[in-house]
Protein chains: 4
Amino acid sequence: MNKPVISLSGVFPPVPTPFDAEGEVAIRKLIENLERWNQYDLSGYVVLGSNGEAGFLSVEEKLRVLEAARQAIPPDKLMIAGAGCESTRQTIALTRQAAQAGADAALLVTPHYYDAKMTPGALAHHYEAVADGAPIPVLLYTVPKFTHVDIDTATVARLARHPNIIGIKDTGGNMAKMADTVRLTGPDFQVLAGSAGFFLAGLTLGAVGGTLALANVAPQKCLDLHRLFKAGQMEEAAALQRWMIPVNAAITARFGIAGLKAALEMLGYYGGPVRSPLLALTGEEQRALWEVLTEGGLL
Amino acid sequence: MNKPVISLSGVFPPVPTPFDAEGEVAIRKLIENLERWNQYDLSGYVVLGSNGEAGFLSVEEKLRVLEAARQAIPPDKLMIAGAGCESTRQTIALTRQAAQAGADAALLVTPHYYDAKMTPGALAHHYEAVADGAPIPVLLYTVPKFTHVDIDTATVARLARHPNIIGIKDTGGNMAKMADTVRLTGPDFQVLAGSAGFFLAGLTLGAVGGTLALANVAPQKCLDLHRLFKAGQMEEAAALQRWMIPVNAAITARFGIAGLKAALEMLGYYGGPVRSPLLALTGEEQRALWEVLTEGGLL
Amino acid sequence: MNKPVISLSGVFPPVPTPFDAEGEVAIRKLIENLERWNQYDLSGYVVLGSNGEAGFLSVEEKLRVLEAARQAIPPDKLMIAGAGCESTRQTIALTRQAAQAGADAALLVTPHYYDAKMTPGALAHHYEAVADGAPIPVLLYTVPKFTHVDIDTATVARLARHPNIIGIKDTGGNMAKMADTVRLTGPDFQVLAGSAGFFLAGLTLGAVGGTLALANVAPQKCLDLHRLFKAGQMEEAAALQRWMIPVNAAITARFGIAGLKAALEMLGYYGGPVRSPLLALTGEEQRALWEVLTEGGLL
Amino acid sequence: MNKPVISLSGVFPPVPTPFDAEGEVAIRKLIENLERWNQYDLSGYVVLGSNGEAGFLSVEEKLRVLEAARQAIPPDKLMIAGAGCESTRQTIALTRQAAQAGADAALLVTPHYYDAKMTPGALAHHYEAVADGAPIPVLLYTVPKFTHVDIDTATVARLARHPNIIGIKDTGGNMAKMADTVRLTGPDFQVLAGSAGFFLAGLTLGAVGGTLALANVAPQKCLDLHRLFKAGQMEEAAALQRWMIPVNAAITARFGIAGLKAALEMLGYYGGPVRSPLLALTGEEQRALWEVLTEGGLL
């Protein structure tokens, strides 16, 4: 095996896609946010992931977002482009377009509409076909809370042997599965924890980094946790991990992308509206979010 | 309330989208299939539904399919176009394009990627916005086995009051819910059973018809069941309903769209390949399907 | 096959177990309730089912309840005793005790704690062993909302061949499954709809009757529906079925057994408290229940 | 708060209940197994937990098991008795009997049959009532894979303030939830990881120990992991954790209690049969289990 030399070690925020008041993609705001995040020691960004409302964008919008983001992301930071679609052919096409737009790697969510048919064989065939056709390295991406599909570890192990599949973002939160993924794959297959809710647990088991929604609103805290872990300061790391839980929950499961964007607003980034059918936070939800951020010391 | 005068009574096959050996849309084959189905007393067709692999098609392909289908579907039969997308704006846009292509109505699957946020309020807002912006009547479409989202009956009742929302295709199979939907909505809101597995039960509770995958492979049987029900021949209807179960299961849950297409082949229609990541039937699965169709007297 | 001659046709309320203010079994109240229900043309009763809080009773309490109920239930009405336990040996023992207490048949819920291991083979072996050891006929009982276990139709068909297994109470609500159960079993295997939410649908597909929580609070309505169905008055039956939905929901999923007991109080039966950890209705819930019963014309 | 001084730090095997060839409780075999486990530095045992087939035992059998186990468990090792039942009153009664039999603490699984009604309020009321009535300290026990019920962290935090509730066995595997439990409870509320699949992750986040099915078959490995963690040898701990995954899976989810007992046999302990409806391993399953244990270096 001779994988492309791309290190996924570190912290990657899956950045939201900013929209203006009319709901159009706000390219300028995306660039400004990235410029601010660039001041942190983040290893790169996921653009057009689940937190990027990717499913709400046309192909044309997606390409504009990727091109603009690439301009704002310095060459020493990775741009990982969300490029998974329902069909294999769509996924190959979008991955190629993402590569042309300057993406360093593609993050490929499991197809999921026909979830009962997303058998190990179907997923293996899909990912191998995309990896064969992709001009850039690809990462598997499993996020059962959205897709109701998971990739079993035997299939991950099989796919890890493909020279162009370099890792997985695992947002399932099953630590036995994450440990088994590390066990069954070689050192050049890289596992990313997909949520700040289990970042430290993931690192402990062999993950090399994380793509964390929380890294949008608290990048330094996420970097600190990684550093504490590497330094063996486990008690401090655990305390920081526990601190993360309510803040992370607020901008993910509890208030969703609308919460993530509202939190960014509160912190001086551009947040802006979500696209329908997602709903803006109510006033009460805004206040609850404010309290969580205040109690967490972020405001 | 003054709903558009479109009767959904009867049987509607949700037709598969034919692909050729290269995986390209096979327009000619679609037309030939429709011409054959036109010989039956079907009330119309659902084009680009879940069985049409709609999520695997580009917008351009979708429009070509709709335009060709409209040419093949006589004016006295309805063309109901699947037009639901993840975002409200995408759904409005596609519904308008479907109308231009000649669709009589649009079938709008629930958005579902962010399923935990598809609250009653979010769904109501979504459907009202689309119905407001749609030049043709729209139908709600709930299919939890694929989407893991359902529309609660109170929300259906609210949406039924919108002048441009004329009905629902309910594939959930919860008969208490279907009965309650009929109870809570007026006579000009039309309920369609979404599966041959509960067609008779749905009719009994007040559904006016069905959009049935089975109607692709056994249109006359589906029409017969409807006729027997209307004639009050309940025992014969029940026997026919029970006959349907294994055949319907084979072309839906058991073997999926690949099974539906393989069954069409066996029956002399064009079936053709499914798009990846769906897999073709194995030889063993083909034989099992053949047996089911043979035992059912279709071969 | 030569099954015991017990007809399950008709309506069976699964009666609640009354407790006094101290939480002790209130035998006298059970008898009084039964005497009142006896005035209706019910075919019998399920004693110690899910609505009977059976899991909260000791074996001694169960036997006292069965013995008392038998005294109050006339010989021409069936007493079906809930006797399913987690282990096969417990189930055999309780079924024998129920027979001694005068039960005509035993209703055997699927074991479920180790639900992932309740494979078709495990369930088949369990039920065959119990049926072999039971001095009275037994019924299968599947109620996935409580047990998260279901019996597949192939296994039901296998079990239907056992001379001492006379039927199934199916509370799953999957009409395709119920139709298939009727299809795959002979005429001497009797299917009971397990909820008023799909009583008419079940009858339509071949169920011979129902064990309906609703029959505790609205016995005549349930009997009427059965009569209308048998008379072929499908529209009237459907209207009555639709009427049932909100009332039935209130005393089952919505307010649970506490709601069922509160409804009985409101209707002049003895209701009394539920056992902890079930909670009594709040005042607000009581009012909502009252409204449902009033709107339904029961108060 | 002034909790009873019982340390839950360390490793606790949830021991299986041995049965003889006739399916009767094999007290002598239980004692012999315990004597062998006593040679390890285990902190104690869970008797009559999920792995103890507790739901298959009569109350009389449970008491015999507890009394015998207490004789075999030295005073410096804890005996934690599984005593959770469906009703509050049953649970109080069994907890008292367990205390009389010498249990140091009671492990109380969530009631679960009426799972939709196991609201935070219902669970809080249940556990507070049991803790009030229990002569020994109690632990909460959440195991959603069996019960389909979980205790939310706010309720755990509320219950942690009760002087007689000293901890929780959390088998859910949600690391964000475990971290939050530690965060929201004081230092005298002790969290136990409920599975070897996430033992290291749990320790990292603040769990004090684990009740691990794997500790029955590989006690020293489990103790080693705990020691490595405390010594800060994280890489070695992670490697050992990863080693555990397939072995642990084999004796839990994959082959169940029958697998656990078969593994004990292979290792020279007494395993013996499971009670029906659980099934013995097939020959093929036995071979697969043997392979796992052999590859794991245990044979």
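Look a little higher up for the structure.
Residues numbered from 1 in each chain as written. Chains lettered and ligands numbered in written order. Predicted model: local features only at pLDDT ≥ 70, side-chain atom pairs only at ≥ 80, totals over all residues. Heavy atoms only, no water.

Colleague: Could you give me a rundown of the packing of helix 12 (residues 256-266) of chain D against helix 13 (residues 283-295) of chain D, with the residues and numbers involved?
Modeller: All names here are of chain D. In the contact formed by helix 12 and helix 13, the axes pass within 10 Å of each other and the chain directions differ by 60 degrees. Of the possible angle classes, the one that applies to helix 12 and helix 13 is oblique. Crossing hand, helix 12 versus helix 13: right-handed. Where helix 12 abuts helix 13, its residues Gly 259, Ala 262, Ala 263 and Met 266 lie against Gln 286, Leu 289, Trp 290 and Leu 293. Its residues assigned to classes, the contact of helix 12 with helix 13 comprises 6 nonpolar, 2 polar and no charged. (Axes fitted to C-alpha atoms, helices over the stretch in contact; angles between N-to-C directions. Helix = DSSP H or I, 4+ residues; strand = E, 2+ residues; numbered from the N terminus. Parallel < 35°, antiparallel > 145°, perpendicular 65-115°, else oblique. Left-handed = near helix turned anticlockwise from the far one by under 90°. Contact = heavy atoms within 4.5 Å. Nonpolar A, V, L, I, M, F, W, Y, C, P; charged D, E, K, R; others polar.)

Colleague: Which residues make up the packing of aromatic side chains, and what values go with them?
Modeller: In this structure the tally under the stated criterion is 24 aromatic pairs over all chains. Between D:Tyr113 and D:Tyr114 the ring centres are 5.1 Å apart and the planes differ by 85 degrees, which places this aromatic pair in the edge-to-face class. Residue classification places D:Tyr114 among the buried positions, given a relative accessible area of 6%. One aromatic cluster is present, formed by A:Phe56, A:Phe146, B:Tyr113 and B:Tyr114 through successive ring pairs. Sitting above the plane of the D:Tyr269 ring, D:Arg36 keeps its charged end 3.9 Å from the centroid. (Phe/Tyr/Trp six-rings, centres within 6.5 Å; stacked < 30°, edge-to-face > 60°. Buried < 20%, exposed > 50% of the residue type's maximum accessible area, 1.4 Å probe, protein only. Lys NZ or Arg CZ within 6 Å of the ring centre and 35° of its normal.)

Colleague: So, the relation of the copies chain D and chain C: which residues are in play, and what are the values?
Modeller: Two copies of the chain are present, and they differ by a rotation about an axis and a shift along that axis. Least-squares fitting of chain D to chain C yields an RMSD of 0.0 Å, with the transformation described by 0.0 Å of translation along the axis and a rotation of 180 degrees. Such a combination of turn and shift is consistent with a two-fold rotation axis. For chain D, the residue whose C-alpha comes nearest the rotation axis is D:His148, separated from it by 4.1 Å. Here 100% of the contact residues of chain D are again contact residues in chain C; the copies associate through an equivalent surface. (Least-squares fit on C-alpha atoms with pLDDT ≥ 70 in both.)

Colleague: Tell me about the interface of chain B and chain A, residues and numbers included.
Modeller: In this assembly, 45 residues from chain B lie in contact with 45 residues from chain A. A combined buried area of about 3,200 Å² lies between chain B and chain A, and 55% of that area is made up of carbon and sulfur atoms. On the chain B side of the interface with chain A, the three residues burying the most area are B:Arg89, B:Tyr113 and B:Tyr114, jointly 24% of the side's total. Linking chain B to chain A there are 2 salt bridges. Here B:Glu24 makes a salt bridge to A:Arg89, at a shortest N to O gap of 3.3 Å. The interface formed by chain B and chain A holds 20 residue pairs in polar contact (both at pLDDT 80 or more) in total. No other element matches helix 4 (residues 120-133) of chain B, which puts 4 residues into the side of chain B that touches chain A. (Buried area = accessible area lost by both parts, 1.4 Å probe. Salt bridge = Lys/Arg side-chain N within 4 Å of Asp/Glu carboxyl O. Polar contact = N/O pair within 3.5 Å; in protein donor to acceptor, adjacent residues only side chain to side chain.)

Colleague: Quick rundown of the pairing of strand 4 (residues 78-82) of chain B? Include the residues and the values.
Modeller: Residue and element names in this part refer to chain B. For strand 4, the buried fraction is high: 5 of the 5 residues fall into the buried class. Residue alternation in strand 4 divides its side chains into two sets, Leu 78, Ile 80 and Gly 82 and Met 79 and Ala 81, and both sets are buried. Bridging between strand 3 (residues 44-47) and strand 4 involves 4 bridges; their strand directions are parallel. In the sheet register, Val 46 faces strand 4, and the bridge partner there is Ile 80. With 3 bridges connecting them, strand 4 and strand 5 (residues 105-109) associate as parallel partners. Across the sheet, Ala 81 pairs through a bridge with Ala 106, a residue of strand 5. What joins strand 4 to strand 5 is helix 3 (residues 88-100), and the crossover it makes is right-handed. (Pairing = 2+ DSSP bridges. Right-handed = clockwise from strand over helix to strand, strands pointing away.)

Colleague: Break down helix 13 (residues 283-295) of chain C for me, citing the residues and quoting the values.
Modeller: Residues and elements named next belong to chain C. Taking 1.5 Å of rise per residue, the 13 residues of helix 13 would be expected to cover 18 Å, and the 18 Å separating its terminal C-alpha atoms lies within 8% of that figure. Taken together, the buried positions of helix 13 are occupied by Leu 289, Val 292 and Leu 293. Projection of helix 13 onto a plane perpendicular to its axis shows the buried side chains occupying an angular sector of 95 degrees, all on one side. In helix 13, those exposed residues whose orientation departs by more than 90 degrees from the buried face are Glu 284, Arg 287 and Glu 295. The inward-facing, buried residues of helix 13 abut helix 11 (234-254) and helix 12 (256-266). Of the residues one or two after helix 13, Gly 297 is the one with positive phi, at around 80 degrees. (Expected span 1.5 Å × (residues − 1). Arc of directions from axis to C-beta.)

Colleague: I'd like a description of the interface of chain D and chain C, backed by residues and values.
Modeller: Contact residues are listed per partner, giving 45 residues for chain D and 45 residues for chain C. For chain D, the biggest contributors to the area lost against chain C are D:Arg89, D:Tyr113 and D:Tyr114; these three give 24% of the whole. Here chain D is connected to chain C by 2 salt bridges. Applying the counting criterion to the chain D and chain C interface returns 20 residue pairs in polar contact (both at pLDDT 80 or more). Those elements that place two or more of their residues in the side of chain D that touches chain C are helix 3 (88-100), helix 4 (120-133), helix 5 (144-147), helix 11 (234-254) and helix 12 of chain D. Sort the elements by how many residues they give to the side of chain D that touches chain C and helix 4 of chain D lands first, with 4 residues. Within the side of chain D that touches chain C, the residues separate by chemical class into 17 nonpolar, 17 polar and 11 charged.

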